[in-house]
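Residues per chain are reported as follows:
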Amino acid sequence: MKLHTKIFIGLFFGAALGLLANFFISDKSTIEWIVNNISYPIGQIFLRLIFMVVIPLIFVAIVLGISDFRDIKKIGRIGIKALLFTFFITLLSVLIGIEMVNIFQPGLNIAETERAAVIQSLSGNQSVTGIITTAKESKSFVQILVDLIPRNPFAEIVFAFDPNYRGGGLLALMFFACIFGVAMALVDSKKVQALTSTFQGIYDVLMKIIDFAMKIAPIGVAALIFSSTSQLGFQVIALLLQYVLVVLGALIIHIVLTYGFIIKYFIKKNPLHFFKLISEVIITAFSTSSSNATLPTSIRVSIEELKIDKDVSNFVLTVGSTANQNGTALYEGITVLFLAQFYGIDLTISQQLVVVLLSILAGIGTAGVPGGSLPLVVIVLQTVGIPIEGIGIILGVDRILDMSRTVVNVTGDIILAAWIDESEKKNSLGLANLN
Ligand code: ASP
């Protein structure tokens, strides 16, 4: 049986068992015990087996991807294409989200009594306070740019997954890797031959470790999904049903229309076949809620199934796993406007434009980890003058939305890599014809 079939079965069983437990075990503390002592630790073991290779993989994959090109113009061209693609596709995704929220107005259709009860329940909520504290310590835009250049790359490595870290984190590590790769490409190839084969060796070993981890993926995925579904608060979902449906609907529209169009007309493949080939990536993203944890699987599937050039996959997918998150941007735009409606705040057109712009930036700056975007939602809320405690309103349904937007984020990275690969091949064909 193929791995993705096994993972899918794990996903199905985990979800079904979780829902059954949610319905039939009325004592919530029993469910909590099962989650805390069985499903959560199993899920975490699986996630950590993947996460432990993510940092070294990010460094080695970018360095190898860039240095292998050995053509500085090509590196620049790919970088600019990736940047432009990310900007336009993210803009499109945010506009789809904002259009949807303006049409369906999910924040207005909540009864006054329920609205008051929800607002009251927010005070003293520990998770809300945690997210707000992280967001409040946020930096100015200029400081974010300066922090992209690490003073000490090892500090970025150590604190890459620490939400309270004030430096550049993963993006700064990627910056260092890019500079390292460019420099390696410019040094006489004989001098860096040993370094290249060492990095290649490390890369292969890391991929082998991921193979080990993916062997337990069906169980890990079942455990992760059980933890979410068994604790799903259906009352919260019912209250926020319209909001949840608007986010899911917008994500689906973005996948079908935007992604479908790019796959058909730019990558020149059948969209359905394309999605089938990357189904393992989609399931992994859905169950881990993390673009970074899905990175090793995306790289392998892109090279093996989609036959995307190895260097393009290594470079584009790795940077994309943190910087190209249009599912997250779409969700941020909807969430901020939803909360504005919830609090009865009318945003002017220029305030809505600020939301669009900040959502795009948030899509680039969000860490590819579960719930990575929540502190950024708080920042956008603060900027446009919406009560920041509002983040607590949507926390109860965030997991399901996180799983879904991560699928869109990761699929977007693969589409970006496939499109760049296609256009680079055309480019080299054109050059060959000229010669
Ligand atoms: N979980 C998302 C990802 O890893 C980030 C987020 O939107 O919270 O892509």
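Structure shown above.
Residues numbered from 1 in each chain as written. Predicted model: local features only at pLDDT ≥ 70, side-chain atom pairs only at ≥ 80, totals over all residues. Heavy atoms only, no water.

Caption draft 1: Fine view of the environment of K269. The residue K269 is located in the loop between helix 12 (241–266) and helix 13 (271–277) in this model. Linking K269 and I334, residues 65 residues apart in sequence, is a C-alpha distance of 31 Å. Those residues in contact with K269 that sit more than four places away from it in its chain are I263, K264, F274 and L306. (Helix = DSSP H or I, 4+ residues; strand = E, 2+ residues; numbered from the N terminus. Contact = heavy atoms within 4.5 Å.)

Caption draft 2: The arrangement of the packing of aromatic side chains in detail. Overall, the coordinates contain 16 aromatic pairs when judged by the stated rule. Between the aromatic rings of F59 and F176, the centroid separation amounts to 5.8 Å while the plane-to-plane angle is 20 degrees, which identifies the pairing as stacked. Of the two residues, F59 sits in helix 2 (residues 28–69) while F176 sits in helix 8 (residues 170–186), which places them 117 residues apart along the sequence. For F176, a relative accessible area of 29% corresponds to the partly exposed category. Ring centres of F261 and Y265 lie 4.9 Å apart, and the angle between their planes is 45 degrees; this geometry places the pair in the tilted category. Here F261 and its partner Y265 are both found in helix 12, 4 residues apart, which amounts to about one turn of the helix. Every member of this aromatic cluster is reached through a ring pair, and the members are F59, F176, F180 and F199. Across the ring face of F342, the terminal group of R115 is positioned such that the distance to the ring centre comes to 5.3 Å. Residue placement shows K264 over the ring face of Y265; its charged tip is 5.7 Å from the ring centre. (Phe/Tyr/Trp six-rings, centres within 6.5 Å; stacked < 30°, edge-to-face > 60°. Buried < 20%, exposed > 50% of the residue type's maximum accessible area, 1.4 Å probe, protein only. Lys NZ or Arg CZ within 6 Å of the ring centre and 35° of its normal.)

Caption draft 3: Geometry of the side chain of N314. Within the secondary structure, N314 sits in helix 16 (residues 310–323). We classify N314 as buried; its relative accessible area is 1%. If we ignore the near neighbours within four places in the chain, the residues touching N314 are A61, G65, Y203 and I299.

Caption draft 4: Representation of the site of the ligand in the model. Near the ligand you find 17 residues, and of these S291, T328, D402, R405 and N409 are the closest. At 3.0 Å from a nitrogen atom of the ligand is found a main-chain nitrogen or oxygen belonging to V369. One nitrogen or oxygen atom from the side chain of D402 is found 2.7 Å from a nitrogen atom belonging to the ligand. When the free accessible area of the ligand is taken as 270 Å², the share hidden by the protein chains comes to 100%. (Near = heavy atom within 4 Å. Polar contact = N/O pair within 3.5 Å; in protein donor to acceptor, adjacent residues only side chain to side chain. Areas by Shrake-Rupley, 256 points an atom, 1.4 Å probe, with all protein chains shown as cover.)

Caption draft 5: Region of interest: the packing of helix 2 against helix 10 (residues 217–230). Between helix 2 and helix 10, the least distance of the axes is 8 Å, while the angle of their chain directions is 140 degrees. The angle between helix 2 and helix 10 falls in the class oblique. Between helix 2 and helix 10 lies a crossing whose hand is left-handed. Residue-level contacts link I31, I34, V35, S39, Y40, I42, G43, F46 and L47 of helix 2 to A217, I219, G220, V221, A223, L224, F226, S227 and S230 of helix 10. Taken together, the residues that form the contact of helix 2 with helix 10 break down as 13 nonpolar, 5 polar and no charged. (Axes fitted to C-alpha atoms, helices over the stretch in contact; angles between N-to-C directions. Parallel < 35°, antiparallel > 145°, perpendicular 65-115°, else oblique. Left-handed = near helix turned anticlockwise from the far one by under 90°. Nonpolar A, V, L, I, M, F, W, Y, C, P; charged D, E, K, R; others polar.)

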